[in-house]
Amino acid sequence: MEFTPKTGLKGLIENWQGDAIAAISVALIALPLSLGIALAAGAPAMAGILSAIVGGVVTTLYRGGHVSVNGPAKGVIAVILFGITVMDDGSGQAFNYVLAAIVVSGAIQAVLGVLKLGRLADIFHSSVIHGLLAAIGIIIFAKQIHVALGTHSESPSIIQNLIDAVLFLPEANPFVVVISFVGLLLSLFHSKISFRVFQFFPAPIWVIALSIPFVYLFNFFEPHTLEFFGNAYSVGPHLLLDIPDNFADSIMHPNFAKINTVEFWTTVISILIITSIESLAIAKAVDKIDPYKRKTDLNKDLTGIGLSTMAAGFVGGLPIIAVIIRSTVNIHNGAKTKWSNLYQGLFLLLLIVVLSPIMKQVPLCAFAILLVYTGFKLASPAVFKQVYNQGPEQLIFFVFTMVLTLYTNLLIGLLGGLLLVMASHMLLAKEPIGQFFKLIYSGGSRVEENPDGSYDLKIKGIANFLGILKVDTLVNTIPSGVNVNIDLSETRLVGMTYMEYLVDYLRVQKDSGGNVVIKGLDTHVSYSTHNRALKISLNNAAPKLSPRQLRLQTLANERDFLFNSQVEWDTSYLKKFHFFEIRPIERKSNTLKGRFEEINMSWEISDVTFNEGDAFSAETFNTTLMVLKINKPIPVFAMEKEGLFEKIFDRVMAFTGFKDIDFEMYPDFSKRFLITGKDEAEIRSFFTDELIRFFENRQIYHIESNGEAIILFDKIKLARTDETIALIDYTKELARLLA
């Protein structure tokens, strides 16, 4: 990007139009989701709206982020449900007691930010956090599936709720189920429907809007029964959203009568931990997709969210969190400053006032199916597979935390998961308890400045989640923008969360102009090929190449290419391509480099790992990708097979300024390929008759130009050796045409 948007009032004046337009899309998503989250948490529906409004208006006035959006999120559902359950004394004040806990947790959160303890969230092991979130997903699913089916489970047990969902399936209300089923289909296939009008509104809006005709069809406005296959089912207003006619009537106030009880403080700590971890993790995730590469002041953000949470609790709202889905939509739609968050809060207030009569016609099952879908994604088989790919031990930590949380509560689940990880690290490091902690906190790690101005960060001993605060203190002594060598050769054990911290630091340092190299892991082994997997040192162990790496090494030797099997963390050049502009890249490895000497063009093939989706439920993809450097300017464009990458390619292409370009003289070519770009005249000139015939008669790759180079890849998977050779040969022919 050419410039960074101004901050403060100057930024407001300069970017108000773009921020306001983005905020409209965010408010449209926030409206149904905020209502649904509150309902799922057992709170009044308007508690979610109040939280979203406070998150937009109040948080913007004091925050450390730039384009993140604040409000209620799915992570708070389980803690609010827990608080309402444990503090329910039959007085009808259960939610008021929870509001008091929300106020106190917000105050503690604000103090943690003032004390600059935002990094405390990093010490929680990532697999444990994912296990906690999977449990939250199951809790959401177990509670909301009954609303979506029109059944009811009396059991306080989440496991029994799931069992009851199956047992009560024959009793499901078909007139509720049909609405839920249509909503589920919309959630699943919204991104695959190509109509631009349909894509203009997010899936939750369509789920809500298309549920209303069914309400009129089945007449939910009057209590009565409808027959289906000889059975009578009750329908009526009890199946519709109930919100006050007057917005002021939605305001509730906290009751601090339970402040001296264990249940109250357990709720406070649970809210504090969940909201702090999720907010800080999402803040870092938003930084990765911010096109201006700005960094969130995590301590200031923690204070701002804490103050907003206090404000929300005082008026009857849920805890405030940075929300990844709304933040991503905000960025995709052109938001540039923090004021977009303020606008979305104001737009949401306007929407709920104007649309209140319409929202009362929405069936509860429409909100429920949105949350059923969300809950499933948090604990889907893909999540288990992703954790397993990080190492079988990570799956054990994940499942243990998830199961313990489901049978106890979030706080016990978190602490139990962390204890299991710590005990496992002790056993793997083969050190007694005293020596284990000594190697974590007094292992001899240090920072040294070199004569050339670069720095060496030498890490020794046990490098696991408990030592992150110590290494954070060390890296804070290293200036931004300098070159850093991180040496892990003298570590006994390197945990996954520790590696994630180092990689995050690497990215921050690279964004400020420095180069970072992580080395010293050649003699470490792990149970997984995942690059951040738990690693244990085996002295004198020689690094081994995998069978695939051996084949690539042989190919390099035969054809005089350069091959490097090691991980390369510098992936900044790939961010210049639109495909990776909004997708965080993990790493690249197994790099082949060569040159087409006769036309003087260099190329590089590497395995690239990148993420797609939400911060905690993001899916990891691997692809083998070719980069071809062109020796002349070419137009910026993207070309792919029609519909090939619908699952992961831009779902908001209409908002990027890219236009689908067809070639009337080549109708078959236009049907097979989707070509997008901003400068249509340049692109048409670039696609000569000869080049079009070349693409028509050969294998279809995703091809994208950044103006000076092109990237090519086939499937979103690692290429076999024969596929790598085919990609090189294809690129060589293409390069000759371009030359």
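Given the structure is predicted, the values throughout are model-derived calculations rather than measurements.

Peer 1: Looking at this structure, how should I read the confidence of the model for the protein?
Peer 2: Atom-level detail of predicted coordinates should not be read off regions where pLDDT is low. Within the protein, residue pLDDT values average 88, and 95% of them lie at 70 or more. This stretch, residues 644–657, has a pLDDT under 50; its non-local contacts, to residues over four places away or in other chains, come to 38 contacts.

Peer 1: What should I look at first to understand helix α5 (residues 126–149) in this one?
Peer 2: Three- or four-residue spacings in an α-helix give side chains the same orientation, since the helix completes a turn every 3.6 residues. Between its first and last C-alpha atoms α5 spans 34 Å; for 24 residues at 1.5 Å apiece the expected length is 34 Å, and the two agree. Within α5, 20 of the 24 residues are buried, which leaves it mostly tucked inside the rest of the structure.

Peer 1: How do you make sense of the nonpolar core when you look at a structure like this?
Peer 2: Side chains that are nonpolar tend, in soluble globular proteins, to be buried together. Core analysis: the biggest nonpolar cluster contains 77 residues, and I77, I80, F95, L318 and L414 have the highest contact counts within it. Considering each element in turn, this core owes the most residues, 11 residues, to α5. Each residue touching I80, except ones within four places of it in the same chain, is listed here: A41, F95, V98, I102, I271, L318 and P319.

Peer 1: How should the environment of A533 be read in this particular structure?
Peer 2: Assignment of secondary structure puts A533 in the loop between β9 (524–525) and β10 (535–537). Classification of A533 as buried rests on a relative accessible area of 0%. For the pair A533 and R119, spaced 414 residues apart in sequence, the C-alpha separation works out to 22 Å.

Peer 1: Would you mind going over the packing of aromatic side chains with me for this structure?
Peer 2: When we look at a pair of aromatic rings, we describe it by the centre distance and by the angle of the planes. Under the criterion given, the structure shown has 29 aromatic pairs. Measuring from centroid to centroid gives 5.5 Å for F580 and F610, while their planes differ by 80°, and the two rings are edge-to-face. With F580 in helix α22 (residues 578–581) and F610 in strand β13 (residues 601–612), this pair connects stretches of sequence that are 30 residues apart. Taken individually, F580 and F610 each receive the classification buried, so the pair is uniform in this respect. Aromatic pair F663 and F669: ring centres 5.8 Å apart, planes at 70°, arrangement edge-to-face.

Peer 1: Would you take a moment to explain the environment of N557 for this structure?
Peer 2: With respect to the element layout, N557 can be found in helix α21 (residues 547–559). Residue class for N557 comes out exposed when judged on its relative accessible area of 57%. As a C-alpha pair, N557 and F384 span 173 residues in sequence and 39 Å in three-dimensional space.

Peer 1: Looking at this model, I keep getting lost on the packing of helix α1 (residues 8–40) against helix α13 (residues 339–359). Mind explaining?
Peer 2: In a packed pair of helices, the relevant descriptors are the angle between the two axes and the axis-to-axis distance. Between α1 and α13, the shortest axis-to-axis distance is 6 Å and the interhelical angle comes to 40°. Regarding the angle of α1 to α13, the classification is oblique. Once α1 is placed against α13, the crossing between them reads as right-handed. Residues that form the contact of α1 with α13 fall into these classes: 20 nonpolar, four polar and one charged.

Peer 1: Can you walk me through the side chain of E393 in this structure?
Peer 2: Checked against the element boundaries, E393 lands in helix α16 (residues 392–407). Although E393 is buried, it makes no salt bridge; K535 carries the closest opposite charge, 8.6 Å away. Contacts of E393, omitting those with residues within four sequence positions, involve Y527 and L534.

Peer 1: Looking at this structure, how should I read the pairing of strand β2 (residues 224–228)?
Peer 2: On any regular strand, side chains alternate: one points to one face of the sheet, the next to the other face. Here β2 runs beside strand β3 (residues 231–235); their pairing, made up of five bridges, is antiparallel. Bridging across to β3, H224 finds its partner in V235. With antiparallel pairing between neighbouring strands as the criterion, β2 and β3 make up a hairpin whose turn holds two residues, including F229 at a positive phi of roughly 55°.

The rules behind the values
Residues numbered from 1 in each chain as written. Predicted model: local features only at pLDDT ≥ 70, side-chain atom pairs only at ≥ 80, totals over all residues. Heavy atoms only, no water. pLDDT = per-residue confidence, 0-100. Contact = heavy atoms within 4.5 Å. Helix = DSSP H or I, 4+ residues; strand = E, 2+ residues; numbered from the N terminus. Expected span 1.5 Å × (residues − 1). Buried < 20%, exposed > 50% of the residue type's maximum accessible area, 1.4 Å probe, protein only. Core = buried A, V, L, I, M, F, W, Y, C linked by side-chain atoms within 4.5 Å. Phe/Tyr/Trp six-rings, centres within 6.5 Å; stacked < 30°, edge-to-face > 60°. Axes fitted to C-alpha atoms, helices over the stretch in contact; angles between N-to-C directions. Parallel < 35°, antiparallel > 145°, perpendicular 65-115°, else oblique. Left-handed = near helix turned anticlockwise from the far one by under 90°. Nonpolar A, V, L, I, M, F, W, Y, C, P; charged D, E, K, R; others polar. Lys, Arg positive; Asp, Glu negative; His and termini not counted. Salt bridge = Lys/Arg side-chain N within 4 Å of Asp/Glu carboxyl O. Pairing = 2+ DSSP bridges.

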